[in-house]
Amino acid sequence: MSDATEPTLENLLHENRSFPPSAEFAAQANVDAGEYDRAAADRLGFWAEQARELLDWQTPFTTVLDDSAAPRYGWFPDGRLNAAHNAVDRHVAAGNGDRVAILWEGEDGESRRITYAELADDVARAANALTSLGVGTGDRVAIYLPMVPEAIVALLACARIGAPHSVVFGGFSADALHSRIIDAEAKAVITADGGYRRGSASPLKPAVDAALAKGGTAVEHVLVVQRTGGEVEWVEGRDVWWHDVVPQASTEHEPVWVDAEHPLFILYTSGTTGKPKGIFHTTGGYLTQTAYTHRAVFDLKPETDVYWCTADIGWITGHSYVVYGPLVNGATQVVYEGTPDTPHKGRWWEIVQKYGVTILYTAPTAIRTCMKWGEDIPAKFDLSSLRVLGSVGEPINPEAWMWYRRVIGGDTAPIVDTWWQTETGAIMISPLPGVTAAKPGSAQVPLPGIVAKVLDDAGQPVGPGQGGYLALTEPWPSMLRGIWGDEKRFAQTYWSRFPGTYFAGDGAKYDEDGDVWLLGRVDDVMNVSGHRLSTTEIESALVSHPWVAEAAVVGASDETTGQAVVAFVILRGGDEVTDLPEDGEAVVQTLRGHVGQAIGPIAKPRSILVVNELPKTRSGKIMRRLLRDVAENREVGDVTTLADSGVMSLIQQGLKKD
Ligand code: WTA
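Residues numbered from 1 in each chain as written. Predicted model: local features only at pLDDT ≥ 70, side-chain atom pairs only at ≥ 80, totals over all residues. Heavy atoms only, no water.

Participant: Hey, could you run me through the overall build of the chain in this one?
Facilitator: On a plain count of helices and strands, the chain comes out with 19 helices and 30 strands. Relative to the globule expectation of 26 Å for 658 residues, the C-alpha radius of gyration of the chain, 24 Å, shows essentially globular dimensions. C-alpha extents for the chain along the principal axes are approximately 75 × 65 × 55 Å. Of all 658 residues assigned to the chain, the portion counted as buried reaches 60%. Within the chain, residue pairs in contact and separated by at least 24 positions form 71% of the contacts whose partners lie at least 6 positions apart. Between the centroid of the 56 positive side chains of the chain and the centroid of its 86 negative side chains there is a distance of 2 Å. (Helix = DSSP H or I, 4+ residues; strand = E, 2+ residues; numbered from the N terminus. Rg over C-alpha atoms; globule rule 2.2 N^0.38 Å. Buried < 20%, exposed > 50% of the residue type's maximum accessible area, 1.4 Å probe, protein only. Contact = heavy atoms within 4.5 Å. Lys, Arg positive; Asp, Glu negative; His and termini not counted. Charge placed at Lys NZ, Arg CZ, Asp CG, Glu CD.)

Here's what the structure looks like:
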């Protein structure tokens, strides 16, 4: 464990504002307070009931939880179902084919409206097309797409044929894409010529070409969606246009019924080492919990609500709360392709007004950015349709919470601050909008059917007012089933800190009422704009540059992005390096670009500081805590465990000179 446990919210435990739901909201809510007790009285029975009520099973299950191979738990293992059937066809069969599934808004102003019946046809066609390209049940498909409707169709088409998808965020570089394609041994890639971001077409296919040119992959075909019409290179025999094979394909398609434990997808996320982890999720339990939480936490009424989650499908939030949860529940949702400030800073609010969005789910970093832009911007739009607001990705500062409630939620819409992870698959800790008296900044209570505890170093639960490590002490349906191809790392990363208990990697505290407050990561994972980045991964990228001898990366607190990447590097001396520019700024820009290329633009350090030494313990471990003090302009803390206690003053003197 690193030395990174420090509260990131200063006014913790002093928060006494409380916002109970209105009587009207509570009266119409999907879930009432009794749900906690019902779930606690028979946890497995509760989840079995959700699985039966929310999903269609081709073969009903008789076993709820299989713990015989723990921590590789299985849920509903003898049941069979299909995720795409549950997300789409089922609604058509129930007579809701005319309901709008997707209200798509392109950044360039183009828009599309897709009903469940149309979506069912599109998914069946794409499933047939994938099959004709040789993709079979169990084969992995990498997806590298912008936020276009075809992205949702692509995920569901994979699910329909039982081919696990591995979505790689479009902001990741060719190198990052290559390593993910290799690790999952993907057989096909689905991409686009490009997408629109910040007002211009940004190409995607070149990264796929570059990734595949590196070799070593099992990819046979690249299926390419045309979005921008930009020039693309073409590899005959390998590359296939989506519009040449999908629209022509038959809408007749029998879904492949899979075991509940059949892998649905792999999603790579940053861990504490340089190598991203392929988190994999299976079908029955994942769908059960994403659907349940989507309905309970957002109080979804599929007939009347217009739901909008601003996450990209490249992240878990996009998987669980753009694709699977909402569609399984038959929701109508907005999907937006672009950035919030294109062509103007009111774009999101314009979209809320245009579609009458009732439920909005976004991230604290976005809220803080809007706060910075000023409340006169949202004030220009009619936001009165909004009735539930959600937050995810990092702790939300109480002041940002208050702003969200007042400026966006008209002082009435309940806010649900939802804690969860790629690994948990679905929301775990959150207020319930019709039940919980919400407290700004706290995720508050484990959901019905979920058991979460804050533990001390020895694994004992702490009491009210105390802090420690967040742990999940009972299995849950949408839990990760492993790290793709690395069972040992799975057991070691999550199940060894407190044997038999899932260790989340987050610090947490209880307040005097027993509500949970999240304090940020306790490992070497940073959270930048709600995106997980590994310090080690960025350090490795820096050290892979010939000018760099050593690097240490810390997450420094940042007003807008939560944390920002700050890197300390020692440059190589001697004769090996002949091309090092004199100009320090040129060095820094080159290294930032290098990190962008190795991982992606989101990983580029905000600042890179060139130093002569790094503070290390006698055992050689870099003391990031001290570097964070420097990065955050604080008095440097205790240096007594440093091997050389003079290092910190050298670093500071060196930085002052620059
Ligand atoms: C952090 C995103 C505080 C946490 C769904 C977690 C949060 C990591 C919250 C997972 C929240 C997410 N309050 N912290 N409401 N939601 N986190 O895998 O540190 O991208 O471990 O999943 O984000 O990030 P991931």
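Participant: Would you take a moment to explain the sheet that holds strand E7 (residues 165-167) for this structure?
Facilitator: Each strand in a sheet pairs with its neighbour through backbone hydrogen bonds, running either in the same direction (parallel) or in the opposite one (antiparallel). Here we have eight strands laid out as an open sheet, ordered E12-E11-E8-E6-E7-E14-E15-E23, and mixed in their pairing. Among the strands making up the open sheet, the edge pair consists of strand E12 (239-241) and strand E23 (482-483). Bridging between strand E11 (residues 221-225) and E12 involves three bridges; their strand directions are parallel. By the bridge assignment for E12, Leu223 is matched with Val240. (Pairing = 2+ DSSP bridges.)

Participant: Honestly, the site of the ligand in this entry has me stumped. Any pointers?
Facilitator: Taken together, 17 residues lie around the ligand, and Asp417, Thr422, Asp506, Arg521 and Arg532 are the ones closest in. Measuring from a nitrogen atom of the ligand, one finds a backbone N or O atom of Thr418 at 2.8 Å. Relative to its unbound accessible area of 530 Å², the ligand is 96% covered by the protein chains. Partitioning the shell around the ligand into residue classes produces six nonpolar, six polar and five charged. (Near = heavy atom within 4 Å. Polar contact = N/O pair within 3.5 Å; in protein donor to acceptor, adjacent residues only side chain to side chain. Areas by Shrake-Rupley, 256 points an atom, 1.4 Å probe, with all protein chains shown as cover. Nonpolar A, V, L, I, M, F, W, Y, C, P; charged D, E, K, R; others polar.)

Remember, this is a structural readout, not a statement about activity or role.
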